[in-house]
Structure formats: structure tokens, C-alpha cells
Amino acid sequence: MFQDLPPFDALPLENARVLVRVDLDGAAGAEDGGADASQLGALVPTLERVVAGGARLIVAGSRSAARQDDPAPSIEPLAARLAALTGWEVHVPDECVGDVARKVVGDLRAGQICCLENLLAYPGETAGDEAFARELARLAECYVLDSLSLAPRDWSSLTRLPGLVRQRAVGPALAAELALLARLVHQPARPYVAIVAGPSLEAALPLVEALRSRVDAFCFAGGAGHTLLGAAGAELGRTPVERAAYPQARTLLERLRKAGRDVLLPSDLVVVRAAQDREGEVLAVRAVPSDARAIDLGPDTIDRFRTRCRGGGTVLWVGDVGASASPAAGSGARLLATSLAVTGAFTVLAGEAVARAARTASQAVAARLDLVTEAEATVRAALLGQRLPALDALR
């Protein structure tokens, strides 16, 4: 799946115009130096290697709007933060294609880079427009993809642009993440424990089915865990559950147990009575009152999950274990991430909320986990054996 990708070291960087395609969603809080600043900083080593090789650097990033109907946000605040981190003079042309952008790139001198405006501001990007890709190709001779989260996308700059430039390569940061992902997909050490969470059991079922023959134990949490608890007879008050999926849930539990897989469901939960509650109450699953809603894992559940993962060969955690919209949620994910950092297992955490929990627990915790990534869709696709179009386009 990840073989035969052209290496970064083979690029002729001297005097070349090199476009590095990155995802800036994970760095969205970095402009004020907040918790996500480390994500912006993680992009810098690749950019520094391009500049050190004598190339003119063009950073092409995408950043999603906070709400679906909002316009795509500007890159300028992140560009300013990048300038502060590196000491470079960062130029942001008003348009990411056209005469002005080409002039900015052509005029770059030592200590200067170009950061294109948000590609998602152009409808042609997500539509896979060939004309938009050709305009981008006029800016650069070499193309580098350095973002794991972009791998499943079939966008203009990801699947059309690479074939229009002289040379292309996988970036160093992406290559390192792909090596870890390949280990998870092709060589997972046993015992293998999967923590499967997220808001929906229905969405989790394909992943569970793909892992069923490879995994020794499943720990379910979040909405997926709540639905399984409901199917097993637990009354969880006002906690959202997929009642229509109860038959599937019961079938899944029976199949996993017949296959000899350990199944761990939450034994206690953090609950709130009102959505605005800033503190929750820890209750046993069987004690959740009718007016309460579960928003996080309780300490006994975290301890049981940690115990099952301790000394394991591989631990995979996919999906949010809590209700991220609740101000009382979050501590469960941070405690679980901290616990997993000392299990001694090869550990992969995937998902925006999961990655945020690991990094806000502490940088030391995140450093002890082998792969912490927002790229949940990429990890799922790899485990399901699905195509990753942006990687295919590099070959």
C-alpha cells in the first residue's frame, strides 16, 4: 500500500521551485501560540530541508471553516505564526494562482518563502478541477505531499497537480508516519487491543469487521460503546444511542465472543444533567438516572482499559471516547492517553479529539505514543484496505 512512493531525498532542490502540500487544520489554534502550535511546528523540519537545499519554497495549505456554511478562513494568521517560528519572511499573495502568485514566487530571495492562500477558498480544489491544477503547476517544478490526513482526498492539488510537475515526492514527515501505519496494518504485534469509539456504532462496524480476525480484545467507548451498552440492557438516561442498531449490536457482541475476542464495555461514566454543566458526576453504568447524559469515561473504565492494554504488543485507539461539545468532557480521554503511554505496546491514536487529548495531557505523553494523528480517515482506510488517492498520485 505504501510502497514505491518517490523519496524526498531524490528531489533536485537547488534553484527549484518546490510546492509543499500540507494540511493546516491540525494547526488551527497555533496563531495565538496555543496548544496546537506544536502542530504548526511539526511542519517546519520539512520546510527547512527544502530551503536548506537551495529551493524556492511554496507552502500550499488547506484549512477548513469552523462551520460548514462559513467561508474558508485565511492562511495569514498561520503564516504570521510560521514567520515567528522560523525567522523567515513569509509572503502571502492575495490569490493562490495567477500573475501575482507567480511574481511572488519568482521574486523570492534567501530567507523568504511563499505561503499560498487557503486552497479551500477555491471551489476547483475540492471538485478536482484540472484547470485549477494547471494554474498551480505554473508555480512549481517539484511537488511534495507531507500530510497523512490528506491521503484519502481526491482534490485538485492532491491528485491532478502531481502529474503536472517535473518531479514529485513524499515528504519526510509523511514518510515516517506511513512507516508506522504500515507496521500497524501489516505487522501488528500480538496481543493486539483496539479501542473503538466515536459517536456511532454503525460507522464503527466496518472497522470492527476488518479487525475481527486480527485483534485479541476490543474496548468500546463513546457513542459506539453507549449503543452496545443499551443493546445489552443498560438504561443510560438521555445519552444518545442508536436504538435501531440494537439488533446489529447484539449480533456483533455474540460474534466477537464466539470468536474468542475479549470485549470490554464501559463500567462507569461521567454524566451531566444539563449541557452547560462544567463538572460531571461519576456513576456506574447501571446507576445512570433518567435525566442524565453520559459525556465521558469514568475512572474504573479507564483502569480496566489500561490493564487490558498493559504489556500488549499493539494498541490502536480510533475515535472520541467523550462528548467533545460538553465543557465537562475531556479528562477521560487525557487520562486514557496518559495510561496508554506507559503500557509498553506499539500504540497508534487516530482522530482529532484523540490527538488533542494526547497532546494536551502533555507533550511527554504524546512523545511516548508511537503515532498520534488527526488522520482518522486515513488510518481507517488503510485498515480497510481502501485506496488512498493522494498517495497513488505520487507514483
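Further up the page is the structure itself.
What counts as what
Residues numbered from 1 in each chain as written. Predicted model: local features only at pLDDT ≥ 70, side-chain atom pairs only at ≥ 80, totals over all residues. Heavy atoms only, no water. Buried < 20%, exposed > 50% of the residue type's maximum accessible area, 1.4 Å probe, protein only. Helix = DSSP H or I, 4+ residues; strand = E, 2+ residues; numbered from the N terminus. Pairing = 2+ DSSP bridges. Contact = heavy atoms within 4.5 Å. Phe/Tyr/Trp six-rings, centres within 6.5 Å; stacked < 30°, edge-to-face > 60°. Lys NZ or Arg CZ within 6 Å of the ring centre and 35° of its normal. Arc of directions from axis to C-beta. Salt bridge = Lys/Arg side-chain N within 4 Å of Asp/Glu carboxyl O. 1 Å grid on protein atoms, 1.4 Å probe; cavity = no way out; pocket = protein on both sides within 12 Å on 5 of 7 lines; lining within 4 Å. Points joined across faces, edges and corners; volume = space filled by probe spheres on them. Nonpolar A, V, L, I, M, F, W, Y, C, P; charged D, E, K, R; others polar. Axes fitted to C-alpha atoms, helices over the stretch in contact; angles between N-to-C directions. Parallel < 35°, antiparallel > 145°, perpendicular 65-115°, else oblique.

Asks: It is not clear to me how the pairing of strand S12 (residues 293–297) should be interpreted in this structure. Could you clarify?
Replies: In regular strands, side chains alternate between the two faces of the sheet. The element S12 is largely enclosed, with a buried count of 5 among its 5 residues. In this sheet, S12 lies alongside strand S10 (residues 268–272) in antiparallel orientation, the contact comprising 4 bridges. For Leu269, the partnering residue across the bridge sits in S12 and is Leu297.

Asks: Help me understand the environment of Ser38, please; the structure alone is not making it clear to me.
Replies: Take Ser38: it is sitting in helix H1 (residues 37–41). When its relative accessible area of 29% is taken as the criterion, Ser38 is described as partly exposed. Sequence spacing of Ser38 and Ala27 is 11 residues, and the spatial spacing of their C-alpha atoms is 7.6 Å. Setting aside chain neighbours within four positions, we find Ser38 in contact with Arg359 and Gln363.

Asks: Where do I start with the packing of aromatic side chains in this structure?
Replies: For any pair of aromatic rings, the description rests on two quantities: the centre-to-centre distance and the angle between the ring planes. Evaluation of the coordinates by the stated rule reveals 2 aromatic pairs. A ring pair is formed by Tyr122 and Phe132, whose centres lie 5.5 Å apart and whose planes are at 20°; its orientation type is stacked. Remark: Phe132 occurs in helix H6 (residues 130–137) and Tyr122 occurs in the loop between strand S4 (112–115) and helix H5 (123–126); sequence separation between them is 10 residues. Relative accessible area serves as the criterion here: at 16%, Tyr122 is assigned to the buried category. According to the relative accessible area criterion, Phe132 is buried, its value standing at 6%. Their ring planes at 10° and their centres at 5.8 Å tell us that Phe218 and Phe220 sit as a pair that is stacked. The residues Phe218 and Phe220 share a single accessibility class, namely buried. Residue placement shows Arg183 over the ring face of Phe346; its charged tip is 3.9 Å from the ring centre.

Asks: Would you explain helix H13 (residues 331–340) in this entry?
Replies: One turn of the α-helix equals 3.6 residues, which is why residues spaced by three or four share an orientation. Looking at H13, one finds that the buried residues are Gly332, Ala333, Leu336, Ala337, Ser339 and Leu340. All buried residues of H13 project into a common sector of 160° when viewed along the axis, lining one side.

Asks: Please explain the pattern of salt bridges as it appears in this structure.
Replies: Side-chain pairs of opposite charge can arise where the charged atoms are in close proximity. Considering all chains together, one arrives at 22 salt bridges under this definition. Notably, a salt bridge pairs Glu281 with Arg273, separated by 2.7 Å at the nearest N-O pair. Take Glu281: its relative accessible area is 35%, and that puts it in the partly exposed class.

Asks: When you look at empty space enclosed by the protein in this model, what are you seeing that I'm missing?
Replies: In this approach, a probe sized like a water molecule rolls over the atoms, and the result shows the empty space that is left. Overall, the coordinates contain 2 cavities of 30 Å³ or more when judged by the stated rule. The calculated volume of the largest cavity comes to roughly 60 Å³. Around the largest cavity, the lining residues are Gly230, Ala234, Glu235, Leu236, Gly237, Thr239, Val241, Arg243 and Tyr246. A class-by-class count of the residues in the lining of the largest cavity yields 4 nonpolar, 3 polar and 2 charged.

Asks: When you look at the packing of helix H10 (residues 222–231) against helix H11 (residues 246–258) in this model, what are you seeing that I'm missing?
Replies: A pair of packed helices can be characterised by two numbers: the angle between their axes and the separation between those axes. Interaxial distance between H10 and H11 falls to 9 Å at its minimum, and their mutual angle equals 90°. Looking at the two axes, H10 sits roughly perpendicular to H11. On H11, the residues that touch Thr227, Leu228, Gly230 and Ala231 of H10 are Tyr246, Ala249, Arg250, Leu252 and Leu253. Grouping the amino acids of the contact of H10 with H11 by side-chain chemistry returns 6 nonpolar, 2 polar and 1 charged.

Asks: Sorry if this is basic, but what is going on with the sheet that holds strand S8 (residues 217–220) here?
Replies: As a general point, the strands of a sheet are linked pairwise by backbone hydrogen bonds and lie either parallel or antiparallel. Pairing is parallel in the open sheet, where 6 strands are placed in the order S9-S8-S7-S13-S14-S15. Two strands lie at the open edges of the sheet, namely strand S9 (262–264) and strand S15 (371–373), each paired on one side alone. Going across the sheet, the axis of each strand differs from the next one's by a mean of 10°, ignoring polarity. Packed onto the sheet, H13 meets strand S7 (192–196), strand S13 (314–318) and strand S14 (346–350) and runs at close to 165° relative to S13. Set on the sheet, helix H16 (residues 376–383) makes contact with S7, S13, S14 and S15; between it and S13 the angle comes to about 125°.

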